[in-house]
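Residue-level listing of the chains:
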Amino acid sequence: MEAYPKDLEELELNFSSEEACRDYLASLRWPSGFLCPVCGHGESWRLADGLLKCKKCSRKTSVISGTIFEGTRKPLAIWFRAIWWVTSQNNGASALGLMRVLGLGSYKTAWTWLHKLRRAMVRPGRDKLAGTVQVDETFIGGEKPGKRGRGAEGKSLVLIVAQENGKAVGRVRLVKIPDASSKSLEAAIRETVVPGTQVKTDGWKGYNGLGALGYDHKDVRESEDVGANLLPLCHRVASLLKRWLGGTHQGAVSHEHLAYYLDEYTFRFNRRTSRSRGMLFYRLLQNAVALEPVRFKEITLSVRGRNHKI
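Conventions we followed
- Residues numbered from 1 in each chain as written.
- Predicted model: local features only at pLDDT ≥ 70, side-chain atom pairs only at ≥ 80, totals over all residues.
- Heavy atoms only, no water.
- Helix = DSSP H or I, 4+ residues; strand = E, 2+ residues; numbered from the N terminus.
- Buried < 20%, exposed > 50% of the residue type's maximum accessible area, 1.4 Å probe, protein only.
- Contact = heavy atoms within 4.5 Å.
- Areas by Shrake-Rupley, 256 points an atom, 1.4 Å probe, with all protein chains shown as cover.
- Expected span 1.5 Å × (residues − 1).
- Phe/Tyr/Trp six-rings, centres within 6.5 Å; stacked < 30°, edge-to-face > 60°.
- Lys NZ or Arg CZ within 6 Å of the ring centre and 35° of its normal.
- Pairing = 2+ DSSP bridges.
- Axes fitted to C-alpha atoms, helices over the stretch in contact; angles between N-to-C directions.

Caption draft 1: Structural context of the overall build of the protein. Each helix and strand in the protein was counted, giving 10 helices and eight strands. Considering the protein as a whole, with its 310 residues, one finds that 44% of them fall into the buried category. Long-range contacts, defined here as pairs at least 24 residues apart, represent 62% of the contacts in the protein between residues at least 6 apart. Of the accessible surface of the protein, which amounts to about 15,600 Å², a share of 48% is contributed by carbon and sulfur atoms.

Caption draft 2: Molecular detail of the side chain of N270. If you trace the backbone, N270 turns up in helix α8 (residues 258-270). In contact with N270, not counting residues within four places along its chain, are G170, R171, V172 and R173.

Caption draft 3: Just helix α3 (residues 76-88), in detail. Between its terminal C-alpha atoms α3 stretches 18 Å, which fits the 18 Å expected from 13 residues at 1.5 Å a residue. Counted residue by residue, α3 has 10 buried out of 13 residues, so it is predominantly covered. Turning to α3, its buried residues number three or more, namely L76, A77, W79, F80, A82, I83, W84, W85, V86 and T87.

Caption draft 4: Region of the structure containing the packing of aromatic side chains. One pass over the full model with this rule turns up 14 aromatic pairs. Centre to centre, the rings of F69 and W79 are 5.1 Å apart; their planes meet at 85 degrees, and the pair counts as edge-to-face. Taken together, the residues F69 in the loop between β3 (60-61) and α3 and W79 in helix α3 connect sequence positions 10 residues apart. Among the residues examined, F69 registers a relative accessible area of 0% and is labelled buried. Plain terms: the ring middles of W111 and F296 are 6.1 Å apart, the flat faces sit at 70 degrees to each other, and that makes the pair edge-to-face. Placement of the pair is W111 in helix α5 (residues 107-119) and F296 in helix α10 (residues 296-300), with a sequence separation of 185 residues. An aromatic cluster of three or more residues is present, and its members are F15, Y24, F80, W84 and F281. Sitting over the ring of Y260, R119 keeps its end group 3.6 Å from the ring centre. Just above the ring of F269 sits the side chain of R272; from NZ or CZ to the centre is 4.0 Å.

Caption draft 5: Structural context of the sheet that holds strand β7 (residues 198-201). Overall, mixed pairing links the five strands, which are arranged β6-β5-β4-β7-β8 in an open sheet. With partners counted over all chains shown, the strands left at the sheet margins are β6 (168-177) and β8 (216-219), one partner each. Mean inter-strand twist for the sheet, computed between neighbouring axes without regard to direction, equals 25 degrees. Of the pairings in the sheet, the one linking β7 to β8 comprises four bridges and is parallel in character. The residue bridging V199 from the neighbouring strand is H217, located in β8. Packed on one face of the sheet, helix α6 (residues 182-192) meets β4 (132-140), β5 (156-165) and β6 and runs near 135 degrees to β6. Contacts between α8 and the sheet are confined to β4, β5 and β6, with β6 contributing the most and set at about 170 degrees to the helix.

Caption draft 6: Summary view of the sheet that holds strand β1 (residues 44-46). If you walk across this open sheet you meet the three strands as β1-β2-β3, and the pairing is antiparallel. Bordering the open sheet on either side are β1 and β3, each of which pairs with just one other strand. Where β1 meets strand β2 (residues 52-54), three bridges bridge the pair, whose relative direction is antiparallel. Of the residues in β2, the one forming a bridge with S44 is C54.

What follows is the structure, given as structure tokens:
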């Protein structure tokens with residue numbers, strides 16, 4: 001049974017203590033009951049410090065070990081408030097906004113938390129898109145003329161997969177790709193689209209092999225230039241994505257972190273019609289306990305500095 005707070009008042013009422021937060025995380029991490037990570041036994045004692053001690057092998061386990069919360073020095077109640085705030089922002093969350101709302105004394109802490117949560121916005125093994133989809137690429141970092149994969153130095157290429165829902169956009173997938181070669185395009189499409197799906201593209205030769213991969217491939221234009229788009233759903237998503245990056249994040253996104261911002265945008269876009277913020281809170285926490293720990297050094301490892309923002 002999916003239990004979650006319906007509003008901020010319920011959040012504060014139900015998750016004001018560390019014990020309540022740990023119990024909730026335990027129910028998400030082990031929905032069928034505790035399982036010892038060492039011996040697989042299902043019974044444990046709860047110790048005074050909140051750890052779970054296996055009744056068979058005596059291994060002590062923390063409910064946050066092996067999750068994005070591992071090693072945190074902040075109370076879980078603050079993490080819960082952060083996740084509620086992040087999922088409540090229709091236009092995305094900024095580190096400065098999170099720092100102010102939670103009263104965090106460090107911008108670095110807020111920035112790190114947001115990057116950890118972005119990594120949790122993609123559910124492991126999430127469903128692939130089916131039905132009919134439109135597929136196209138867009139450059140992030142500004143428009144530049146030229147053939148696909150050319151004349152785009154300093155910019156990132158993103159593949160947009162938009163599911164048709166009548167004339168509206170259904171679900172989307174956004175994948176950062178190294179180039180517009182058939183190898184890169186096919187790998188991204190296989191990762192995001194179910195074989196047998198009708199895939200609409202333009203006439204770029206990189207899509208020519210989709211039929212052999214089991215897709216119902218349909219060309220909708222002959223031009224290979226990046227410009228006027230006859231794939232309206234992809235065009236709409238690209239426009240909204242760039243507006244979001246330039247507005248909420250004011251373009252201050254490094255190329256190295258772009259994939260995680262794409263995950264955040266996808267999470268928000270695909271749930272844009274949801275009326276239950278509590279459900280979004282639940283889903284993000286559910287993903288968070290299934291995600292391995294991410295350290296600050298790992299997040300910043302490949303970042304090259306302020307001159308390389310998009």
